[in-house]
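Summary of the model geometry
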Amino acid sequence: MKQRMKITPMLAAILFIVSTSTNAEIVFDNGEPTTYTDGKDMRNWLQADDFILNQDVILTGGHFWTFEDNVPIWDGTLEYFIFADASGTPGILISGGDGQSVQKDITDITPGGYGYEYSFEFETPVSLVADNLYWFGLHMASDYSGLSDVFRWGSNISGFGSTSFESEGGTLDNWTDSGIHRAFYLEGIPEPATILLFGVGGLALVRKIRQRP
């Protein structure tokens, strides 16, 4: 029993190192926004843009930009989604959840509203493989209640791959092409780095057990 109590904190520490954004790096970058004037409202539509990774990665978080009315109605909910590709549209849902440690910073002030940067951590890190096409989705409300003020995901004229798709009401059976790329990047830990972390932690555990009286 004592041995188990000594091992558990070490394993927890390794998992914490692997899963936190402190050790994460940018693993996909679709660019910063070049315009805020296009697109549907992020609270009424689930929106997704495609991405690909050049190595196996554990995704841990995301970063994106918005344009919002002077007094936007936002309930603080940030829902994220990772979809497989289905012949050029979002397919099977691989992972998703509520964004954690959400940070929102103002970047621009205009007569029509404000530009913001958001960053967040995934509720559960997700392991993805290199060279597969995926879709990163966002929805910025706890429901799809049809709010009328402006809350747009910033767009980028030179983003990767296909333009983004949108599902009104988040039903996932009515995807339509938005005609624009979304501004975002994703953070994660390349798989070799996580293996190294586990290896170092494992060696520490072996030494600790051997040193027990």
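Placed above this text is the structure.
To keep things clear, this report deals only with the structure shown in the data block. The structure displayed is predicted, hence computed values, not measured ones.

1. A closer look at the side chain of H181
Relative to the helices and strands, H181 resides in strand 13 (residues 181-182). Within polar-contact distance, the side chain of H181 engages the backbone oxygen of F160 at 3.4 Å. Once residues lying within four places of it in the same chain are set aside, the contact partners of H181 are N30, D49, G154, S155, N156, I157, S158, G159, F160, G161, S162 and T163.

2. Here's the deal with the sheet that holds strand 12 (residues 176-177)
The sheet built from 6 strands is open, its strands ordered 5-4-8-2-11-12 with antiparallel pairing. Edge positions in the sheet fall to strand 5 (90-98) and strand 12, since each of these pairs with one other strand and no more. Sheet topology note: the strand 4 (residues 79-85)/strand 5 ladder contains 6 bridges and is antiparallel. Bridge assignment links F83 to a residue of strand 5, and that residue is L93.

3. Looking at unusual backbone geometry
Of note, the phi angle at S87 is positive, near 55°, even though the residue is not glycine. Counting through the fold element by element, S87 comes out in the loop between strand 4 and strand 5. By relative accessible area, which is 77% here, S87 ends up exposed. If you check the backbone angles, L172 has positive phi at about 70° while not being a glycine. Relative to the helices and strands, L172 is located in the loop between strand 11 (165-168) and strand 12.

4. Notes on the pattern of salt bridges
Across all of its chains, the model carries 4 salt bridges by this definition. With a shortest N-O distance of 3.0 Å, E68 and K104 are connected by a salt bridge. Separated by 36 residues along the polypeptide, E68 in strand 3 (residues 57-68) and K104 in strand 6 (residues 100-110) bring together distant segments of the chain. We note a salt bridge from R182 to E166, for which the minimum N-O separation is 2.7 Å.

Basis of the calculations
Residues numbered from 1 in each chain as written. Predicted model: local features only at pLDDT ≥ 70, side-chain atom pairs only at ≥ 80, totals over all residues. Heavy atoms only, no water. Helix = DSSP H or I, 4+ residues; strand = E, 2+ residues; numbered from the N terminus. Polar contact = N/O pair within 3.5 Å; in protein donor to acceptor, adjacent residues only side chain to side chain. Contact = heavy atoms within 4.5 Å. Pairing = 2+ DSSP bridges. Buried < 20%, exposed > 50% of the residue type's maximum accessible area, 1.4 Å probe, protein only. Salt bridge = Lys/Arg side-chain N within 4 Å of Asp/Glu carboxyl O.

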